[in-house]
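A closer look at the structure
The primary structure of each chain is shown beneath.
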Amino acid sequence: SLPGALLGALLGNIVESRVKRQRNARHYEAAQSALLDAAFSVMGYLAKLDGRVSESEIAFANTIIKRMELGSQQRKRAIEQFRLGKQGHFDLDGVLAPLFRASRRYPDLQRTFIEIQLQLLYVEGEPAPIQKEALTEIGHSLGIQRMQMASLISMAAARTSQQQTRQRRHKKPNFTITQPLDD
């Protein structure tokens, strides 16, 4: 009967739609997990490349944890990933591969990842050349051309320089006048 066929088709569409939403939710969760693991482990890796992880770099990682509004389990995972990245035997390719796959479906993940790493590099001013080179190679592993990464790094440097100039302009002098000037 026609009404039965229409009802069957409608129910089929509803079930198919739910299955797609569940599949998409699983893909999105996997993508978020890939971003979390890659972002924090690579932050640890880049921070350690110049020989020492600074307090500013650790504070920056904590700021990202807050910005991402991570729950307690995700926060613990982010901290552990940061620690893993600092270790000498860190598997950079192993952590980038899931992010590369996820960023094909969700290109914003790649942009978010790169922006986080750029901010980390410039958290203390000019980064060490080895850190810039490493980030260029990391970007290349994610499918970003070396010239494009060099351009992104240059833009981050310019942005940092502008921010530092603004901060110096708005900084109050660190002295006070204790006597009247017209004595």
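Nothing here was measured: the structure is a model prediction, and the numbers come from that model. (Residues numbered from 1 in each chain as written. Predicted model: local features only at pLDDT ≥ 70, side-chain atom pairs only at ≥ 80, totals over all residues. Heavy atoms only, no water.)

Description of the side chain of serine 54
The condition that has to hold: Segments assigned H or I by DSSP are reported as helices when at least four residues long, segments assigned E as strands when at least two residues long, and all are numbered from the N terminus. Buried means the residue's accessible area, taken with a 1.4 Å probe over protein chains only, is under 20% of the maximum for its type, while exposed means over 50%, and partly exposed covers the values in between. Within 3.5 Å is the distance limit for a polar contact, defined as a pair of N or O atoms, with the added protein rule that one can donate a hydrogen and the other accept it, and that residues adjacent in sequence qualify only through two side-chain atoms.
Structurally, serine 54 can be placed in the loop between helix 1 (2-49) and helix 2 (55-67). A relative accessible area of 2% places serine 54 in the buried class. Only 2.8 Å separates the side chain of serine 54 from the side chain of glutamate 124, close enough to count as a polar contact.

A look at helix 5 (residues 107-121)
Let me state the cut-off plainly: By definition here, a helix of n residues has an expected span of 1.5 Å times n minus one.
With 15 residues, helix 5 should cover 21 Å at 1.5 Å per step; its first-to-last C-alpha distance of 22 Å lies within 8% of that length. What helix 5 keeps buried is the set Leu109, Gln110, Phe113, Ile114, Ile116, Gln117, Leu118, Leu120 and Leu121.

Topic: the packing of aromatic side chains
Where we set the bar: When the centres of two rings from Phe, Tyr and Trp lie within 6.5 Å, Trp using its six-membered ring, the rings pair. Their planes under 30 degrees apart give stacked, over 60 give edge-to-face, and anything left gives tilted.
Tallied over the full model, the rule gives 2 aromatic pairs. Pairing tyrosine 45 with phenylalanine 90 gives two aromatic rings, centres 5.6 Å apart and planes at 35 degrees, and the pair type is tilted. In this pair, tyrosine 45 is assigned in helix 1 and phenylalanine 90 in the loop between helix 3 (72-86) and helix 4 (92-105), connecting sequence segments 45 residues apart.

Re the confidence of the model for the chain
Keep this limit in mind: Confidence of the predictor in every single residue is expressed as pLDDT, which spans 0 to 100.
Taken over all residues, the pLDDT of the chain has a mean of 83, while the share at 70 or more is 77%. Predicted confidence in the chain is weakest over helix 1, with a mean pLDDT of 75, and strongest over helix 3, with 95.

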